[in-house]
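Coordinate inspection notes
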There are 2 protein chains.
Amino acid sequence: MTITEDTRPALGLPQIQSLAAPDMAAVDALIRRRLSSDVVLINQIADHIISAGGKRLRPMLVMLAGHAVGQAGPEHHQLAAIIEFIHTSTLLHDDVVDESDLRRGKSTARMIWGNQASVLVGDFLLGQAFRMMVEVGSLEALDVLSAAASVIAEGEVLQLSVAKNMETTEDDYLSVIRAKTAALFAAAAEVGPIIAGADKAGRNALKSYGMNLGLAFQLVDDALDYGGKAVDLGKNVGDDFREGKITLPVILAYRRGTKEEREFWRDAIEQGQNDDARLEKALGLITKYGALNDTIARALHYGTIARDALAPLPETEWKSALMDVIDFCIARVN
Amino acid sequence: MTITEDTRPALGLPQIQSLAAPDMAAVDALIRRRLSSDVVLINQIADHIISAGGKRLRPMLVMLAGHAVGQAGPEHHQLAAIIEFIHTSTLLHDDVVDESDLRRGKSTARMIWGNQASVLVGDFLLGQAFRMMVEVGSLEALDVLSAAASVIAEGEVLQLSVAKNMETTEDDYLSVIRAKTAALFAAAAEVGPIIAGADKAGRNALKSYGMNLGLAFQLVDDALDYGGKAVDLGKNVGDDFREGKITLPVILAYRRGTKEEREFWRDAIEQGQNDDARLEKALGLITKYGALNDTIARALHYGTIARDALAPLPETEWKSALMDVIDFCIARVN
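Heads up: these notes are all about the structure in this document. (Residues numbered from 1 in each chain as written. Chains lettered and ligands numbered in written order. Predicted model: local features only at pLDDT ≥ 70, side-chain atom pairs only at ≥ 80, totals over all residues.)

1. Remarks on the overall build of chain A
Scanning chain A from terminus to terminus reveals 15 helices and two strands. Computed over its C-alpha atoms, the radius of gyration of chain A comes to 20 Å, within 12% of the 20 Å expected for a compact globule of 334 residues. For chain A, the spread of C-alpha atoms along the three principal axes comes to 60 × 55 × 30 Å. Burial status across chain A gives 54% buried among its 334 residues. Within chain A, counting contacts between residues at least 6 apart in sequence, those at least 24 apart form 76% of the total. (Helix = DSSP H or I, 4+ residues; strand = E, 2+ residues; numbered from the N terminus. Rg over C-alpha atoms; globule rule 2.2 N^0.38 Å. Buried ≥ 20, exposed ≤ 12 C-beta atoms within 10 Å, placed from the backbone. Contact = placed C-beta atoms within 7 Å.)

Listed below in structure tokens is the structure:
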């Protein structure tokens, strides 16, 4: 039986979280401790971020990946916290860049404390992340994490360049999400094995797993924005449309559309003609051309690559959990 | 003869720069190479930053400090470029936070490419800096530089907290500039000796030199904003006043003023009543209470500490140059 024919009943996120619960409690405690500062404003924003919660998917990957190739201990907790800090830092800056009002259903930090504080506290979090990396003292892990931080920033700038440009190709778009989303998933999955002392094959397996999981995750996110179960998304259907964001459903619908329909998309995305009536029309075009289903099909494709990447790993509950994370990410929309 | 009675004719910046010229040419080449990216927008903004130039004071400190305790080679060039990247990253974010239009007499990046690009390219530069640190491979240098990056960000947030609060004390203000300006000077002066393999005494001497030089540098900058030779400053007298920034001249004039004068300062700084007539009045009050002279006196005080910190170092042309940097920083205003 090949791994893609796996017929185990998939664990939901709660079961995966319960497997990782002792580790994640340690990670959370560490996050709280390392977010504290003598500067009151940093503590306030940090509290806001912590209480907003989120799934802590990325730090969980560090733990699962570490266990899957050997063992995971306090250094993994530190790396998991670092990954969450890098992620949160990019969220704070993203919200400023995208002028977002809501994140996970709550007001963004920039709406409460302003853009200035969001930029600077984001910088603080990144600085803390680097200090904590140095404490771990592994130059290999530092290499992976610093490269990821740099690639993420490069991806964000690239996204700004393609923003509101309807000629963006699917490949252009993949370059963006590979850098701005998948690179951190890949780094999270790779540093676990590095610190666990895994061999090159184990590291590469998990790096590939993380990269492809990240692509699937982002594509599902893009699909959710034009439909699907938006319950745990903390954002409304059409947010991306209203912000003029180019995502795969839009790219596919545009490329498959008639001359008039392409005109509609250019007006909507490039010129900001994006009221509710136009959102309705956009949803109609996305359905007409199967753009949502095909976005999900692409996500499934990357999910399968992620699953196959895990083949060399020993069969453990941790490996099962890593597979279940793929299912969970995709089940959000399917 | 103690070092404070030093009667050598001080070198001007051109002579110091000429001593460091071969090193700085290598640093500049490295900066150009490491700023290049596949992302066009990054290259554009990078070119803008490079051509804006500046004195490259911080990277020069890396080179001078390295030579002063032994030797400086390619790893010092790399560290010097890293220091300049961290500095430039904070400038890009500062300009967004302060909503500044001009920097070194040229339009800021945010005026040309917008706040979004400035935030993200700043993130990219910081990411590049960390990647380059990892390449150097010294955990000691990484420790110093990552701590500095974190402290700078913390200082920026702290500055935001004290902004527009006239009850800010001189000590509060010193905490801010110690973190946001002097910490990077200290790191620049300390990593040179670390990579040169200097002993603890040499490292500490140069760290202390850098920290106190940084304080003097910032205080002189503050003074220049309310007078003095603004030629090479690239900003106009009164910019800080118009932005409602609290600096030492304002703190001293406020604390020494009458009840009515304090009211004036609160209206100006806290309420934004800062037209040209009020700037005239502010300059008058600063003169009346000797606030500018005393700010310069504080700068001289830290300059003297920086000078004494160098005592353990052997007498070389590099040590002389480090002393001359103090004189240059203070001579900008005196």
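2. Some details on the relation of the copies chain B and chain A
Note that the two copies of the chain are related through a rotation about an axis and a translation along the same axis. Note on the copies: chain B fits chain A at an RMSD of 0.0 Å, the axial shift is 0.0 Å, and the rotation between them is 180°. Both copies of the chain, as the preceding transformation shows, are related through a two-fold rotation axis. When the interface residues of chain B are mapped onto chain A, 100% of them again lie at the interface, so the same face is used by both copies. (Least-squares fit on C-alpha atoms with pLDDT ≥ 70 in both.)

3. Topic: the packing of helix α3 (residues 40–52) of chain A against helix α6 (residues 109–136) of chain A
A pair of packed helices is captured by two measures, namely the crossing angle of their axes and the spacing between those axes. Residue and element names in this part refer to chain A. Across the interface, α3 lies against α6 with an axial gap of 10 Å and an inter-helix angle of 105°. As the angle between them shows, α3 and α6 are arranged roughly perpendicular. Across from L41, I42, I45 and H48 in α3, the residues of α6 making contact are A109, I112, W113, A117, V121 and F124. When grouped by side-chain class, the residues that make up the contact of α3 with α6 number nine nonpolar, one polar and no charged. (Axes fitted to C-alpha atoms, helices over the stretch in contact; angles between N-to-C directions. Parallel < 35°, antiparallel > 145°, perpendicular 65-115°, else oblique. Nonpolar A, V, L, I, M, F, W, Y, C, P; charged D, E, K, R; others polar.)

4. Some remarks on helix α2 (residues 21–35) of chain B
Residues and elements named next belong to chain B. Counted at 1.5 Å a residue, the expected span for α2 with its 15 residues is 21 Å, and the 21 Å between its end C-alpha atoms agrees. Every buried residue belonging to α2 is among D23, V27, I31 and L35, and all of these are buried. All buried residues of α2 fall inside an arc of 95° around its axis, so they share one side. Exposed positions of α2 whose direction lies more than 90 degrees from the buried face are A21, P22, A25, A29 and R33. Residues of α2 that are buried in the fold lie against α3 (40–52), α4 (57–69) and α5 (74–98). (Expected span 1.5 Å × (residues − 1). Arc of directions from axis to C-beta.)

5. Looking at the nonpolar core
A general trend in soluble globular proteins is that nonpolar side chains are found buried together. Residues A:A216 and B:A216 are the most contacted members of the largest nonpolar core, which totals 238 residues. Of all the elements, helix α8 (residues 170–196) of chain B adds the most residues to this core, at 16 residues. Excluding residues within four positions of it along the chain, B:A216 makes contact with B:A299, B:Y302, B:G303, B:A306, B:I326, B:C329 and B:I330. (Core = buried A, V, L, I, M, F, W, Y, C linked by C-beta atoms within 7 Å.)

6. Some details on the interface of chain B and chain A
At the junction of the two partners, chain B supplies 36 residues and chain A supplies 36 residues. Contributions of two or more residues to the side of chain B that touches chain A are made by α3, α5, α6 (109–136) and α7 (139–162) of chain B. In terms of residue count, α7(B) provides more of the side of chain B that touches chain A than any other element does, 14 residues in total. In terms of residue class, the side of chain B that touches chain A is made up of 22 nonpolar, nine polar and five charged.

7. With respect to α3(A)
Counting along an α-helix, one turn takes 3.6 residues, and residues three or four places apart therefore face a common direction. Residues and elements named next belong to chain A. Here α3 spans 19 Å end to end across 13 residues, near enough to the 18 Å set by a 1.5 Å rise per residue. I42, I45, A46 and I49 are the residues of α3 that are buried. Along α3, the residues classed as buried sweep out an arc of 105° about the axis, all on the same side. Across α3 from its buried face, at more than 90 degrees, point the exposed residues V40 and S51.

8. A word on the environment of B:A72
All names here are of chain B. Tracing the sequence through the fold places A72 in the loop between α4 and α5. Among the residues examined, A72 registers 24 C-beta atoms within 10 Å and is labelled buried. Distance in space between the C-alpha atoms of A72 and L206 is 15 Å, their sequence separation being 134 residues. Beyond its immediate chain neighbours, meaning those up to four positions away, A72 contacts D23, M63, G66, H67, G192 and A196.

9. Some words on the packing of helix α11 (residues 248–256) of chain B against helix α14 (residues 291–309) of chain B
Residues and elements named next belong to chain B. Packing of α11 against α14 brings their axes to within 9 Å, and their N-to-C directions diverge by 125°. It follows from the interaxial angle that α11 and α14 lie oblique. The two elements α11 and α14 meet at a crossing, and its hand is right-handed. Between α11, through L248, P249, L252 and A253, and α14, the contact on the second element is made entirely by A291, L292, D294, T295 and R298. (Left-handed = near helix turned anticlockwise from the far one by under 90°.)

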